[in-house]
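What follows is the residue order along each chain.
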Amino acid sequence: MATEKKEAPVLNATVEEPLDLLRLSLEERVYVKMRSDRELRGRLHAFDQHLNMVLSNVEEVVTTREVDEESYEEVYRQTKRTVPMLFVRGDAVILVSPPIRAS
Amino acid sequence: MTTLTNVSIPEEGVRLTQPHVQAYIGSQSLGNGTLIISERAVTWTLTSAQSGDHSAQGFELSYPSIVLHATSTDRSNFPEEHIYIVVDGNKSERRRRRVPLLLTNEEEAARRALQVESEEMNEDEDDDDSEAGRSIEVRFVPDDKSSLSQIYHEVCVGQELNPEEDDDMSDDEGLECDEVSNGHDLQVNGSDGHWYTAENMDGVELSEEGMANLQRMMGGRRDDSDDEQIEQ
Amino acid sequence: MLFFSFFKSLVGKDVVVELKNDLSICGTLHSVDQYLNMKLSDITVSDPDRFPHMLSVKNCFIRGSVVRYVQLPSDQVDTQLLSDSCRRELTEAKTKQ
């Protein structure tokens, strides 16, 4: 908790809890990290307290990891696809953030 | 679950008891039996193996383990119309370990066949984080085909009666996040600055609930890559 | 109730439900309940090799908690209306507290 109360500029007067932050990302592109090594980038149109979401113009990247049996080197393989409009069930969501990293 | 064990015959909340139902797991027939759909589970018991008034040889599918069920009419894949069920083998696996196995030789053979089948269906099992894998196909083939729609319907009812805990999508608690503690050990420690998100949020005061929500949003399982995401 | 209402508005439309076990089911959304359990009709599967028996089922009930994604018909989704509803729900939830 932010126990030190200071006069620092407040992000937004209505931000009282995290979902208010996500509200600021409505109609913006967001980055979503999912279980099973899946990542999504898309425009956020709606969400609820379970982090169910609807995203549009979604790019999904699935990373699969394989270990080379002889060299023990890990090989990562990425599969990309795009989906025009996607409902995402919140129980598989790990993280939501603005898409800071360009990739 | 996928093996024949001694199952208790449901007595309460029974919605349908359908005799003369063949059960298949994968393509393996388990024989003729009775299908009992109760509010708690879908139970099938072998007709020839009644072992008592309250229990019988058979298997039980809990509703949370039932991924989907359908009425199959495709006779090119299977000779008769039937109720087709996909079971989450991961969920049923946990059950299986708890249940003592009481198998005849014949059943043991069937069980081995099943295990092979579920392993075959599970080639893409990757890491323990993965929720994929282990799907088991179960079929119920009633002699009386007119019962199919009722069986389908009663399993729907059972599913609706048995949602996951904390899984109500109706919004009766406002923005309260009631599922934060779903398996991840969260270390929330905002006061000493260890919790990095607080630094970005000077002046924003979070309720305990809000903090928990943010924690979940920013990643229940923090690892290096998550941190990297946030801090940039 | 936002997404329950949302999916109710998509009844009769074609969707692709992707499950956490990687099975993808295409079909017409027949009904939905508050747990987002879904009933589909006119079903096809995108990976018939793995689930050949899903090829011809009359109707199908999918447990909400096994769903990972639902691909939606983008021309049937009014995103402006959706985000407005979302903002309204957030505000209402807040005033209830």
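What counts, and where the lines are drawn
- Residues numbered from 1 in each chain as written.
- Chains lettered and ligands numbered in written order.
- Predicted model: local features only at pLDDT ≥ 70, side-chain atom pairs only at ≥ 80, totals over all residues.
- Heavy atoms only, no water.
- Helix = DSSP H or I, 4+ residues; strand = E, 2+ residues; numbered from the N terminus.
- Buried < 20%, exposed > 50% of the residue type's maximum accessible area, 1.4 Å probe, protein only.
- Contact = heavy atoms within 4.5 Å.
- Pairing = 2+ DSSP bridges.
- Expected span 1.5 Å × (residues − 1).
- Arc of directions from axis to C-beta.
- Polar contact = N/O pair within 3.5 Å; in protein donor to acceptor, adjacent residues only side chain to side chain.

A. Representation of the overall build of chain A in the model. Looking only at helices and strands, chain A features one helix and five strands. When the helices and strands of chain A are listed from N to C terminus, the series reads α-β-β-β-β-β. Sorting the 103 residues of chain A into buried and exposed places 50% on the buried side. Within chain A, counting contacts between residues at least 6 apart in sequence, those at least 24 apart form 45% of the total.

B. How the structure looks around the pairing of strand β7 (residues 82-88) of chain B. Residues and elements named next belong to chain B. Burial within β7 is extensive, with seven of its seven residues counted as buried. Sheet topology note: the strand β6 (residues 66-72)/β7 ladder contains six bridges and is antiparallel. By the bridge assignment, H69 is partnered in β7 with I85. Pairing analysis gives six bridges linking β7 to strand β8 (residues 135-142), with the strands arranged antiparallel. Across the sheet, I83 pairs through a bridge with F140, a residue of β8.

C. Looking closely at helix α2 (residues 79-96) of chain C. Relative to the 26 Å expected for 18 residues at 1.5 Å per residue, α2(C) spans 26 Å between its end C-alpha atoms, a close match to the ideal helical length. Regarding α2(C), the residues found buried are L82(C), S83(C), S85(C), C86(C), L90(C) and A93(C). All buried residues of α2(C) lie within an arc of 155 degrees about the axis, which places them on one face of the element. Across α2(C) from its buried face, at more than 90 degrees, point the exposed residues L81(C) and T95(C). Among the structural elements, α1 (18-23), β2 (38-47) and β3 (53-67) of chain A together with α1 (2-8) of chain C are those in contact with the buried residues of α2(C).

D. Layout of the side chain of T71(B). Note that T71(B) resides in strand β6. Only 2.8 Å separates the side chain of T71(B) from the side chain of N59(C), close enough to count as a polar contact.

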